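Observations on the model geometry
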Amino acid sequence: MRLCFFIVVSIFIFYSCSNETKEVKTVKVSRPQDLEKETVKQLNSYLLKDSIITVDSIPLTCYRYFNPQYNSKLLWFDKSKLNPNGDSLLKLIEKSMYYGLIPNNYHFINIQRQLDSIETNKTTINVTALVSADLLLSDAYFLMGAHLNKGRFYTDSLLLQTNFHKLDKGWDSVLVSAYKKNNLKAGLDSLEPKFYNYRMLKKELATILNDPILYQVDSIPFVTEKDTIVKLQLIKKSLIKQGLYDSTIMANDSIKLAKALNKLQKKWFIQPDGKIGKYTTQAFSYNREKIIKQICMAMERWRWEAKFPEKYAFINIPAFWLTVFEKDTVVMQSAVVCGKPDHQTPILKSKIDHMLIYPYWNVPISIATKEILPAVQHDTSYIRRKNFEVLGAGDKVLDYTKIPWRKYTKDYLPVRFRQRIGEENSLGVVKFNFHNPFGVYLHDTNSKRYFKTSSRSQSHGCIRLENFIEFADFLIRDDSVHYTHDSLQVYFVKQEQKKIKLKKALPIFTRYYTAHADSSGLKLYIDVYRKDEDMMNLIYNK
């Protein structure tokens, strides 16, 4: 029996870094002894190229990592059949949603198509499909490892592209070792974040994926559905399906609906007012698929994290909550108020190096022009009532009654506002300063009412802290020679400005996790800044 070749032009195309384009012909063989020779020839047509190759119109971004593993042999096949590692990897790709990933991001459909093409009949083997499947599997393996290690984004710009420069040193060696030991899952698992909350999120994700009954609710199309009666019917149906609407209580439909809405709002950590506001409307947009994606976005964000220091403050914006950790132990917690959606608290990391007792509030220009100037133009006594000073050149305090306020506009305001120190100051009794390019800080407040609410996105971007005294005590704990709890209380009563430089600066992190899991279970928060939505659109709609 002679060697048979079947050539189909323009089925596969590869590109090198020099922009050279070549047609890859489909090669099939019928004799076993010809398989190895043609496989080597096909492999070399790819592996002797530059740092980028394309298979089945897919750029193999991990080419430089898997290329050295080839030695004129396929990695994932014995002859034309998947070997144990190949079979294991294909299953891992298929089940990659248990890692919070998407199978088709790892060429799953393309690999399946190539596998189906390898042996279309009993007499021939499609060598081109065989080699293509092997290369796609190699790229998928290293790409999964990279994504599990540090995620799928350039986090600063939210660019959906693997940042290989951020990966752990030796990450590719881990995968090579796992391959040689025939334990691919152990290799991939070892590249995942070690954070407790990541592990618990992964556990909760598996629970949901394994139980098709969980979170089986329909999202409500508030944007497209204009009929109020229909919307109320959909809301009631959703509340009943979630087990929140109690039809047995002795009350009219409006009261039953309000009570059910209260339960839904508490479930999502929304202020329970029994009304269908913007965050409650957002809560009704979640169905099983979106909740799974929300957990996956939280897992993605954990992959961006570096190792935390021994002692630090952590603020989760969607939860409106500050936690102080020391040696992985929670030492204090507090409610916080964060920025409104149009004045978002930024994601940052910094160090609190000092606190200022009885600070001035130097009003930012945006607040001065948009809020204070119109109020003053309406009634100049606003300055006296709110305890402001008006400052001119050289920070000279001006007589506000002699200023031509009507001549000033949002584009022309040659003065600035400063609020005097005192308990009525917007920054409250103490401000905790940390360097950052956004001009935000952590502080007490004269407006305590929002701490009693659940939805606490109410500030202009700075973070208001409820338990500021406990936090201040923690900050001076390492400097008991100079400061104690009692000495702080004296400063708090004096109403004089006092700067306290910390003996040890405390790292602070602001983060955005709408899904949180611990030993008590899964907590879901409203995507108040719609950052999850942006990520989902990039990942799932590509």
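Preceding this paragraph is the structure being described.
Residues numbered from 1 in each chain as written. Predicted model: local features only at pLDDT ≥ 70, side-chain atom pairs only at ≥ 80, totals over all residues. Heavy atoms only, no water.

1. A closer look at the packing of aromatic side chains
This structure, assessed with the given rule, holds 32 aromatic pairs. A centroid spacing of 4.9 Å and a plane angle of 65 degrees characterise the contact between Tyr 65 and Trp 171, whose relative ring orientation is edge-to-face. In this pair, Tyr 65 sits in helix α2 (residues 63–66) while Trp 171 sits in helix α6 (residues 171–180), placing the two residues 106 residues apart along the sequence. Accessibility classification places Tyr 65 together with Trp 171 in one group, the buried group. With 5.0 Å between their ring centres and 85 degrees between their planes, Phe 432 and Phe 471 make a pair best called edge-to-face. Taken as a pair, Phe 432 in strand β17 (residues 430–434) and Phe 471 in helix α15 (residues 468–475) lie far apart in primary sequence, 39 residues in all. Residues Phe 432 and Phe 471 agree in their burial class; the two are buried. (Phe/Tyr/Trp six-rings, centres within 6.5 Å; stacked < 30°, edge-to-face > 60°. Helix = DSSP H or I, 4+ residues; strand = E, 2+ residues; numbered from the N terminus. Buried < 20%, exposed > 50% of the residue type's maximum accessible area, 1.4 Å probe, protein only.)

2. Considering the side chain of Ser 238
Along the polypeptide, Ser 238 turns up in helix α9 (residues 228–241). On the basis of relative accessible area, Ser 238 is assigned to the buried category, the value being 7%. The contacts of Ser 238, once residues within four sequence positions are left out, are Asp 218, Ile 220 and Phe 284. (Contact = heavy atoms within 4.5 Å.)

3. Here's the deal with the pairing of strand β16 (residues 416–419)
Inspection of the sheet shows strand β13 (residues 361–362) paired to β16 by two bridges, in the antiparallel sense. In the strand pairing of β16, Trp 361 is matched with Gln 419. Of the strand pairs in this sheet, strand β14 (residues 388–391) and β16 are connected by four bridges, and their pairing is antiparallel. In the sheet register, Val 390 faces β16, and the bridge partner there is Phe 417. (Pairing = 2+ DSSP bridges.)

4. Comments concerning the environment of Met 299
By secondary structure assignment, the location of Met 299 is in helix α12 (residues 288–304). For the pair Met 299 and Ser 247, spaced 52 residues apart in sequence, the C-alpha to C-alpha distance is 38 Å.

5. Remarks on the sheet that holds strand β15 (residues 397–398)
Strands sit in the order β13-β16-β14-β15 across an open sheet of four strands; the sheet is antiparallel. In the strand order of this sheet, the two ends are held by β13 and β15, each with one partner.

6. Structural notes on the nonpolar core
Formed by 158 residues in total, the largest nonpolar core has its most connected members in Trp 405, Phe 417, Phe 432, Leu 442 and Phe 471. A per-element tally of this core places helix α5 (residues 127–150) first, with 15 residues. The residues contacting Phe 471, other than those within four sequence positions of it, are Ala 313, Leu 322, Val 324, Met 332, Ile 352, Phe 432, Leu 442, Leu 465 and Leu 506. (Core = buried A, V, L, I, M, F, W, Y, C linked by side-chain atoms within 4.5 Å.)

7. Section: α9
Taking 1.5 Å per residue as the helical rise, α9 with its 14 residues ought to reach 20 Å, and the 20 Å between its terminal C-alpha atoms agrees with that figure. Within α9, burial applies to Ile 235, Ser 238 and Leu 239. Across the axial projection of α9, the buried residues extend over an arc of 100 degrees, all falling on one side. Facing away from the buried side of α9 by more than 90 degrees, the exposed set consists of Ile 229, Gln 233 and Lys 237. Looking at the packing, one finds that the buried side of α9 touches α10 (253–267). (Expected span 1.5 Å × (residues − 1). Arc of directions from axis to C-beta.)

8. Focus on unusual backbone geometry
Non-glycine residue Lys 327 carries a positive phi angle of around 55 degrees. Here Lys 327 shows up in the loop between β10 (321–326) and β11 (329–339). Residue Lys 327 is classed as exposed on the basis of its relative accessible area, which comes to 59%. The phi dihedral of Tyr 358 falls on the positive side, at around 55 degrees, and the residue is not glycine. For Tyr 358, the position within the fold is in the loop between β12 (348–357) and β13.

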